[in-house]
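Below are the chains, spelled out letter by letter.
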Amino acid sequence: MTSAFHLAQFNVARLRAPLTDPSIAGFVTGLEIINALADSAPGFVWRLAEGPDGDATTVRPLDPDVIVTLSVWDSIESLRAFSYQSAHLDYLRRRRDWFLPHDRPASLVLWWIPAGHVPTVDEACERLDLVAAGPSPEAFTFRQTFPAPELTTRR
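Residues numbered from 1 in each chain as written. Predicted model: local features only at pLDDT ≥ 70, side-chain atom pairs only at ≥ 80, totals over all residues. Heavy atoms only, no water.

Peer 1: Explain the nonpolar core to me, using residue names and the numbers behind them.
Peer 2: Counting residues in each nonpolar core, the largest one holds 18 residues, and the members touching the most others are Phe 10, Val 12, Leu 70, Val 109, Trp 111, Leu 128 and Val 131. Listing elements by their share of this core, those giving two or more residues are strand 1 (5-15), strand 3 (66-73), strand 5 (108-114) and helix 5 (121-132). Per-element tally for this core: the top contributor is helix 5, with five residues. Counting 14 residues, the second largest nonpolar core, distinct from the first, contains Phe 5, Ile 34, Leu 110 and Phe 146. (Core = buried A, V, L, I, M, F, W, Y, C linked by side-chain atoms within 4.5 Å. Buried < 20%, exposed > 50% of the residue type's maximum accessible area, 1.4 Å probe, protein only. Helix = DSSP H or I, 4+ residues; strand = E, 2+ residues; numbered from the N terminus.)

Peer 1: Now, about the side chain of Ser 71: what can you tell me, with residues and values included?
Peer 2: Note on placement: Ser 71 falls in strand 3. A distance of 2.8 Å separates the side chain of Ser 71 from the side chain of Trp 73, its partner in a polar contact. (Polar contact = N/O pair within 3.5 Å; in protein donor to acceptor, adjacent residues only side chain to side chain.)

Peer 1: Quick one: what's the story with the packing of aromatic side chains, residue by residue and with numbers?
Peer 2: This structure, assessed with the given rule, holds eight aromatic pairs. Taken together, a centroid distance of 5.1 Å and an interplanar angle of 80 degrees make the contact between Phe 27 and Phe 99 edge-to-face. Of the two residues, Phe 27 sits in helix 1 (residues 25-40) while Phe 99 sits in strand 4 (residues 99-100), which places them 72 residues apart along the sequence. Neither residue differs from the other here; Phe 27 and Phe 99 are each classed as buried. Residues Trp 73 and Phe 82 carry aromatic rings whose centres are separated by 5.2 Å and whose planes lie at 25 degrees to one another, so their mutual orientation is stacked. Of the aromatic side chains, those joined through ring pairs into one cluster are Phe 27, Tyr 91, Trp 98 and Phe 99. (Phe/Tyr/Trp six-rings, centres within 6.5 Å; stacked < 30°, edge-to-face > 60°.)

Peer 1: Which residues make up helix 5, and what values do they have?
Peer 2: The terminal C-alpha atoms of helix 5 lie 17 Å apart, and with twelve residues this matches the ideal 16 Å at 1.5 Å per residue to within 8%. Among the residues of helix 5, those classed as buried are Val 121, Glu 123, Ala 124, Cys 125, Leu 128 and Val 131. Against strand 1, strand 3 and strand 5 lie the buried residues of helix 5. Taken from the residues just after helix 5, Gly 134 is the one with a positive phi, measuring 125 degrees. (Expected span 1.5 Å × (residues − 1). Contact = heavy atoms within 4.5 Å.)

Peer 1: So what's going on with the confidence of the model for the protein? Residues and values would help.
Peer 2: On average, residues of the protein score 89 in pLDDT, and 90% of them reach the 70 mark or higher. Here helix 3 (residues 88-93) stands out as the element of the protein with the lowest mean pLDDT, 90, in contrast to strand 5, whose mean of 97 is the highest. (pLDDT = per-residue confidence, 0-100.)

Peer 1: So what's going on with the pattern of salt bridges? Residues and values would help.
Peer 2: Two side chains bearing opposite charge may form a pair once their charged atoms approach each other closely. On inspection of all chains with the given rule, the structure shows three salt bridges. Between Arg 47 and Asp 39 there is a salt bridge, with the nearest N and O atoms lying 2.7 Å from each other. Residue classification places Asp 39 among the partly exposed positions, given a relative accessible area of 38%. Asp 90 is paired through a salt bridge with Arg 93; the nearest N and O atoms lie 4.0 Å apart. With a gap of three residues between them, Asp 90 and Arg 93 both fall in helix 3, about one helical turn apart. Look at Asp 90 and you get partly exposed, because its relative accessible area is 46%. (Salt bridge = Lys/Arg side-chain N within 4 Å of Asp/Glu carboxyl O.)

As structure tokens, this is what we get:
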């Protein structure tokens, strides 16, 4: 059964150094690997892939030192499996090597979107601001999730 809703995810990270700096080389090298892993992961729907290398590192809506990831998944379980039960976890464990501690109230937000909708970076930034006030059905994290909205039918 195909769901009427998909899960959007947006996260932000402040780089310790420019992407051209050798100290960030492990992260930069891993981008292509992790993006390919995501693209082939069960439940993956879409990811922001702007720029010459097919990643989102050129998208900097919040600050020149902050990079973003925006993707869509068929379920929380699919995104969780990719994030924490695949090779992605190895890169996640090294995040302190490449990124500074967050200076924002939130660095990750999840929210439900109608299947087929492609979220924008502006929409994602608005959701990130919402989750900073606390999780809700409109903006949440892995720590406190909310089910997909129910479809209402008109009679």
